[in-house]
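The lines below spell out each chain.
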2 protein chains.
Amino acid sequence: MKNRAIGVFDSGVGGLTVFKEIEKLLPGENIKYFGDTARVPYGNKSKSTIIKFSTENMLFLLKEKVKMVVVACNTSSSLALDYLKDIFKIPIIGVIEAGVNKALTVSSNRRIGVIGTKSTIDSKSYQDLIKSKDKKIVVFGQSCPLFVHLVEEGFLNGSLVNESISLYLNRFIKEKVDTVILGCTHYPLLKKPISCYLKNVKIVDSAKEVAIQTKEVLINNDLLNLKNIRGKKVFYVSDESKSFGDLAELFLKRSIKTVKL
Amino acid sequence: MKNRAIGVFDSGVGGLTVFKEIEKLLPGENIKYFGDTARVPYGNKSKSTIIKFSTENMLFLLKEKVKMVVVACNTSSSLALDYLKDIFKIPIIGVIEAGVNKALTVSSNRRIGVIGTKSTIDSKSYQDLIKSKDKKIVVFGQSCPLFVHLVEEGFLNGSLVNESISLYLNRFIKEKVDTVILGCTHYPLLKKPISCYLKNVKIVDSAKEVAIQTKEVLINNDLLNLKNIRGKKVFYVSDESKSFGDLAELFLKRSIKTVKL
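To keep things clear, this report deals only with the structure shown in the data block. Keep in mind the model is a prediction, meaning the values are calculated, not measured.

Rules behind the numbers
- Residues numbered from 1 in each chain as written.
- Chains lettered and ligands numbered in written order.
- Predicted model: local features only at pLDDT ≥ 70, side-chain atom pairs only at ≥ 80, totals over all residues.
- Heavy atoms only, no water.
- Phe/Tyr/Trp six-rings, centres within 6.5 Å; stacked < 30°, edge-to-face > 60°.
- Helix = DSSP H or I, 4+ residues; strand = E, 2+ residues; numbered from the N terminus.
- Buried < 20%, exposed > 50% of the residue type's maximum accessible area, 1.4 Å probe, protein only.
- Lys NZ or Arg CZ within 6 Å of the ring centre and 35° of its normal.
- Contact = heavy atoms within 4.5 Å.
- Buried area = accessible area lost by both parts, 1.4 Å probe.
- Salt bridge = Lys/Arg side-chain N within 4 Å of Asp/Glu carboxyl O.
- Polar contact = N/O pair within 3.5 Å; in protein donor to acceptor, adjacent residues only side chain to side chain.
- Nonpolar A, V, L, I, M, F, W, Y, C, P; charged D, E, K, R; others polar.
- Pairing = 2+ DSSP bridges.
- Axes fitted to C-alpha atoms, helices over the stretch in contact; angles between N-to-C directions.
- Least-squares fit on C-alpha atoms with pLDDT ≥ 70 in both.
- Arc of directions from axis to C-beta.
- Parallel < 35°, antiparallel > 145°, perpendicular 65-115°, else oblique.
- Left-handed = near helix turned anticlockwise from the far one by under 90°.
- Right-handed = clockwise from strand over helix to strand, strands pointing away.

**Some thoughts on the packing of aromatic side chains**
Two descriptors summarise a pair of aromatic rings, namely the distance from one centre to the other and the angle between the planes of the rings. All names here are of chain A. Going through the model one piece at a time under the given rule, you end up with 18 aromatic pairs over all chains. An angle of 50° between the planes, with centres 6.1 Å apart, marks the rings of Tyr33 and Phe235 as tilted. Here Phe235 lies in strand β9 (residues 233–237) and Tyr33 lies in strand β2 (residues 31–35), a separation of 202 residues in the sequence. The exposure class of Tyr33 is buried, given its relative accessible area of 0%. Accessibility expressed as a relative area gives 4% for Phe235, which makes it buried. Aromatic rings pair up to connect Phe19, Tyr33, Phe235 and Phe244 into one cluster. Note that Arg39 overlies the ring of Phe53, its terminal NZ or CZ placed 3.9 Å from the centroid.

And the structure:
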């Protein structure tokens, strides 16, 4: 059982930011990553559709005999995680809680901004979780739907990026937030220009925290793989588009071999 | 048979530009429109995936007993139309040929630009068809992947739009094209800022030509509905997202009722 892989899924390539941190923290673990590239993006789709897609992704990873699943997609984590946890037996974690915990630790003025896809922000998953942990915190949710597309088209800096950032994040300056959670796995690739625009604001990228939480879950369930030095990594995609490979290089800074479903 | 509807499908909402022109030219026809909003966009997916999705869309419309199908999506038309025509009996038309014929009529200097999604431009469907009709014409294909997202996020003008236009279309000015085909059903919504940037260039939007071709196909197959004054219009979507309705208003300038699959 310990030798089984950790399953990680995302709507596409964004979850690789999470994959990368898990790989770094737990080099001995085997990991199976699934990117639903045929149906990407999830960010502007309805709750019922996201639950349907997420369930199908889970079933695929279960067929691949994984020992736990990391939902490395903020939209799925926001809208489908509770449902998945309800119906499936194996340990499942999302990316919301890790980001929230980190933000609560670093914010001094208790004014926190959250950015994500339309579905993530509209679901209020971040806002509600923060409020449940500390009622006094003021949370500002802002959807930034163009960010995913900018990243996927390779725009990581330049005037188009800066223009979009100022358009979406201007409000955070006015509202004097001191911490912003990157509530979408694509956004860490825009961290630099965002930091540049939001001077002196702490930027929380949940990927590292998710890796720590993954390790905790494995320890608590006695599933940690202690025998391996270097685990095997396999990447599955639902569309054979070669663009996954190109984007993966952008995220992981190395080339990978993908397997089509 | 004549009373059956015309089927129109698109990856999402963009095909409504075509729907609108068919409705205008053939007001008596019943029309069933299907937008595959659960799997939108098609523009950066592989040929095999687009053929799979397009076939499923056809099967849905056939179950709805349509008398002909208009593939109102440039990506599907580029990558799946030949396949669909091969395997299905009813008349099927795409959007490529109509745009090409129009461009050949209006270009004087025989230097034509084509813009579209990555999959459309990479497929060379426009470029090859133009070349097959007139070898001497010089064609410049340019994919503009951000345009769809700008339109879907409601950016139809302003600095972000102008920045993107200059980024993608700068080359057409250098190459002195005198005609540009809008090879994606979303692009007509950016026609104004594109015309502004490409001064004195003829902009070809194939929607009107597709409507004319639809009428011809109906006449040739003795399928024209002559009894109706005003046809019934039904809209189906594969995702229940309310954003389809909002976007539809943008495209049609009226509100519609959608039916989820």
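**A word on the interface of chain A and chain B**
Taken together, the contact pairs 31 residues of chain A with 31 residues of chain B. For the chain A and chain B pair, buried surface summed over both sides reaches about 2300 Å², with 56% attributable to carbon and sulfur atoms. Where chain A packs against chain B, one counts zero salt bridges. If you look at where chain A meets chain B, you find 11 residue pairs in polar contact (both at pLDDT 80 or more). Of all the elements, helix α9 (residues 159–174) of chain A adds the most residues to the side of chain A that touches chain B, at six residues. A class-by-class count of the residues in the side of chain A that touches chain B yields 11 nonpolar, 11 polar and nine charged.

**Focus on the sheet that holds strand β7 (residues 179–182) of chain B**
Residue and element names in this part refer to chain B. Ordered in space as β6-β5-β7-β8, the four strands form an open sheet in which the pairing is parallel. Looking at the sheet topology across the chains shown, the edges are occupied by β6 (138–143) and β8 (202–205). Across the sheet, the mean angle from the axis of one strand to that of its neighbour is 20°, orientation sign disregarded. The pairing of β7 with β8 spans four bridges and is classified as parallel. Pairing of Val180 across the sheet is with Ile203, part of β8. Strands in contact with helix α9 (residues 159–174) are β5 (111–116), β6 and β7; relative to β6, the strand with the most contacts, it is inclined by about 170°.

**Remarks on the relation of the copies chain A and chain B**
In the superposition of chain A on chain B (RMSD 0.0 Å, axial shift 0.0 Å), the rotation amounts to 180°. Such a combination of rotation and displacement between the chain copies is what one expects of a two-fold axis. Taking C-alpha positions as reference, the residue of chain A nearest the rotation axis is Arg39(A), located at 2.4 Å. Interface overlap between copies is the fraction of interface residues in one copy that are interface residues in the other; for chain A against chain B it reaches 100%, indicating a shared surface.

**Examining the environment of Ile181(B)**
Looking at where Ile181(B) falls in the secondary structure, it is placed in strand β7. Here Ile181(B) is in contact with Gly99(B), Val100(B), Ala103(B), Ile112(B), Gly113(B), Val114(B), Ile115(B), Tyr126(B), Ile130(B) and Val204(B), once residues within four sequence places are set aside.

**Points about unusual backbone geometry**
Residues and elements named next belong to chain A. Val40 connects to Pro41 through a cis peptide bond whose omega is -5°. The topology assignment puts Pro41 in the loop between β2 and α2 (47–63). One non-glycine residue, Asp222, adopts positive backbone phi at about 50°. Summarising the element assignment, Asp222 is placed in the loop between α11 (207–220) and β9. The exposure class of Asp222 is exposed, given its relative accessible area of 52%.

**Here's the deal with helix α12 (residues 243–252) of chain A**
Residue and element names in this part refer to chain A. When α12 is considered as a whole, its buried residues turn out to be Phe244, Leu247, Ala248, Phe251 and Leu252. The buried residues of α12 occupy one face: seen down the axis, they fall within an arc of 125°. Where α12 is buried, its residues contact α1 (16–25), β2, α8 (146–152), β9 and β10 (258–260). One or two positions beyond α12, positive phi appears at Lys253, with a value near 60°.

**Considerations on the sheet that holds β10(A)**
All names here are of chain A. Strand order across the open sheet formed by six strands is β4-β3-β1-β2-β9-β10, with parallel pairing between neighbours. Each having just a single partner strand, β4 (92–93) and β10 make up the two edges of the open sheet. Pairing of β9 with β10, which is carried by three bridges, proceeds in the parallel orientation. Each residue of the ladder has a partner; that of Val237, found in β10, is Lys260.

**Looking at the packing of helix α5 (residues 96–106) of chain B against helix α7 (residues 125–133) of chain B**
Residues and elements named next belong to chain B. Interhelical geometry of α5 versus α7 gives an angle of 50° and a closest axis separation of 10 Å. On the basis of their axis angle, the class for α5 and α7 is oblique. Regarding α5 and α7, the two cross each other, and that crossing is right-handed. Contact residues: Ile96, Glu97, Val100, Asn101 and Leu104 in α5; Ser125, Tyr126, Leu129, Ile130 and Lys133 in α7.

**What to know about the pairing of strand β1 (residues 6–10) of chain B**
Residues and elements named next belong to chain B. Burial of β1 is extensive: five of the five residues sit out of reach of the surface. Of the two faces of β1, the one holding Ile6, Val8 and Asp10 and the one holding Gly7 and Phe9 are both buried throughout. Summarising the sheet, β1 and strand β2 (residues 31–35) pair through five bridges and their orientation is parallel. If you follow Phe9 over to β2, its bridge partner there is Phe34. Chirality of the crossover, the property in question, places the unit of β1, helix α1 (residues 16–25) and β2 among those that are right-handed.

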